[in-house]
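# Structural overview
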Amino acid sequence: MDLLVQFLSNTGYYLAEWRHVAMIVVGCLFLYLAIAKQYEPLLLLPIGFGILVGNVPFFKGFGLGIYENNSVLHYLYFGVTTGLYPSIVFLGLGAMTDFSSLLARPKLMLLGAAAQMGIFFTLLSALGLGFLPKEAASIAIIGGADGPTSIFLTAKLAPHLIGPIAIAAYSYMALIPIIQPPIMRLLTTREERLIRMAEPRRQPTKKERLVFPVVGLLLCCFLAPASIPLLGTFFFGNIMKESGVVDRLAKTASSAIIDTATIFLGFTVGASTQGDVFLTGKSVGIFCLGAIAFSIATASGVIFAKIMNLFMKEKINPLLGAAGVSAVPGSAREVHLTGLKEDPTNFLLMHAMACNSSGVIGSAICAGILWSFMV
Amino acid sequence: MFSFQTISANNGWAMALAGALIVMSGLSVLSFIISQLHKVLGLFEKKAAAPEETAPETVPETFPVSLDKVAELYAPLVNQLPGSFSLGELYALSREKDYPHPHLTLRSFREAGILVPAGEGQFSWKATQ
């Protein structure tokens, strides 16, 4: 009888608190968004299920929890705390990215740079609200709209905030169709939205696509060496793709490797999001700041495009500024759809992809800059 | 709740300004490099092709006796001309190369059927084996 009582007192049913239940509801919500609504399922499904797993109550000391040494989840979580998984994800991203659009339209790189202003605005806001500098930098990188980058920087600067920051970053990436269009419409006139982009005068050659990852790596990493773990693997993946001599490696990087890293990254980030860490006032602040970061990033890209138009003969459609937000390809898709609503024959997708690609590089550079400021 | 003093105390303004300037300037430079990349690569390609074009062509001191051998020397000149050409054009090229006795050579080509009339004062080159 005592044995039975002891067993029952160690079950999750006995140990459950309201925090566990609340987080399980959050996890179920993520699963619903991923499966039923198909909002970023590659991210939200592993995270959602990870939340469920991480919030099953258990008796501490059994080596079960993600924060307990020698537990399986702890070993898997190693890739998050060390920044390993984000680097591997960037390897796969580089192997999947085609920079032709960007190489054919180099001016649009500036819109990717402009959209990163959301990061620095959020940095100021977070500091003003009382977050510590390292916490503020980790929160600010949400404005880069890049999940792996956010997790990478947070793991280095404020690992105790990985859970809420990752959840906020991925949630807002999934909510781009809701966040961006109103801002785009608010900041542009109908005439501006109807601007047609001229097709590029030339298409980049294979040599240009081959030289770009080397040039990009050297320039960006010399500027911000702290971005080496992200941009190093990113451009490595890209040169594997463009070289044409290691197709097998490029295919593996863009499929099995990135999928494996995504699975473990999402699952362990979700599992790390436990009630006592997530359900706090700080998390609410992080979510609010994340929304501000995304909004300012979108707005700054659009406004910069309008400023560029003051000096350019060939006008840029200001909607493209919103694609400078690094959420590939979600923000490019939203820009394209917003342009189509005004003019069904105005195809902005490839131009938007140029800005999107630039945003990925820009957000990784910002992560390197912030890390070097905080060290 | 929100305090500008905490921003200043943590050097926030400087970090934000410096960070923004660094990322903007870095990507601006990268953008400029990308825009010039095709020109730089084009220069390298021209340099690689140049040695073949500037290789001096040696004109033999004495022309071979065999007309076929002389025709082989004239073949590169003909390749610079369109399919049908006037004798004057071929003559001008041979003078540029300082080939000896171009009049006599072209007459010999006509008589041997290497230069074939194509009508309206134009001629075509019949390749020799």
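Everything below is about the structure printed above this text.
Rules behind the numbers
Residues numbered from 1 in each chain as written. Chains lettered and ligands numbered in written order. Predicted model: local features only at pLDDT ≥ 70, side-chain atom pairs only at ≥ 80, totals over all residues. Helix = DSSP H or I, 4+ residues; strand = E, 2+ residues; numbered from the N terminus. Buried ≥ 20, exposed ≤ 12 C-beta atoms within 10 Å, placed from the backbone. Contact = placed C-beta atoms within 7 Å. Rg over C-alpha atoms; globule rule 2.2 N^0.38 Å. Core = buried A, V, L, I, M, F, W, Y, C linked by C-beta atoms within 7 Å. Axes fitted to C-alpha atoms, helices over the stretch in contact; angles between N-to-C directions. Left-handed = near helix turned anticlockwise from the far one by under 90°.

This part is about the overall build of chain B. A tally of helices and strands in chain B yields 5 helices and 2 strands. Listing every helix and strand of chain B by position from the N terminus yields α-α-α-α-α-β-β. The buried share of chain B, taken over its 129 residues, is 19%. Pairs at least 24 apart in sequence give 43% of the contacts found in chain B among residues at least 6 apart.

Turning our attention to the overall build of chain A. The helix and strand inventory of chain A stands at 21 helices and 0 strands. A compact globule built from 375 residues would reach a C-alpha radius of gyration of about 21 Å, and chain A, at 21 Å, matches this within 12%. Looking at chain A as a whole, 55% of its 375 residues qualify as buried. Residue pairs in contact within chain A that sit at least 24 positions apart in sequence constitute 75% of those at least 6 positions apart.

A few words on the interface of chain A and chain B. At the interface, 35 residues of chain A touch 27 residues of chain B. Only α8 (109–114), α9 (117–128), α15 (206–223) and α21 (349–374) of chain A provide two or more residues apiece to the side of chain A that touches chain B. In terms of residue count, α15(A) provides more of the side of chain A that touches chain B than any other element does, 9 residues in total.

All names here are of chain A. Mapped onto the secondary structure, A16 falls in the loop between α2 (12–15) and α3 (18–35). Overall, the presence of 14 C-beta atoms within 10 Å leaves A16 in the partly exposed class. It is 5.6 Å that separates the C-alpha atoms of A16 and P57, two residues lying 41 residues apart in sequence. Apart from residues no more than four positions distant in its own chain, A16 is found in contact with V21 and P57.

The next subject is the nonpolar core. Counting 134 residues, the largest nonpolar core has L123(A), A140(A), L320(A) and L370(A) as its most contacted members. If one sorts the elements of this core by residue count, α21(A) sits on top with 14 residues. A140(A) has contacts with I119(A), F120(A), T122(A), L123(A), A126(A), A293(A) and L370(A), leaving out every residue within four places of it along the chain. Grouped together as the second largest cluster of nonpolar side chains are 11 residues, V70(B), L90(B), I114(B) and W125(B) included.

Here we take up unusual backbone geometry. All names here are of chain A. Here the amide bond leading from V328 into P329 is cis, since omega sits at -10°, within 30 degrees of zero. Structurally, P329 can be placed in the loop between α19 (281–311) and α20 (330–342). Phi angles above zero are rare outside glycine, and N70 is one such case at about 70°. Here N70 lies in the loop between α4 (41–54) and α5 (72–81).

With that settled, consider the packing of α20(A) against α21(A). Residues and elements named next belong to chain A. With their axes 8 Å apart at the nearest point, α20 and α21 run at an angle of 145° to one another. The handedness of the crossing between α20 and α21 comes out as right-handed. Residues S331, A332, V335 and H336 of α20 touch α21, and the partners they reach there are L349, A352, M353 and N356.

Read these as spatial facts, not as claims about activity.
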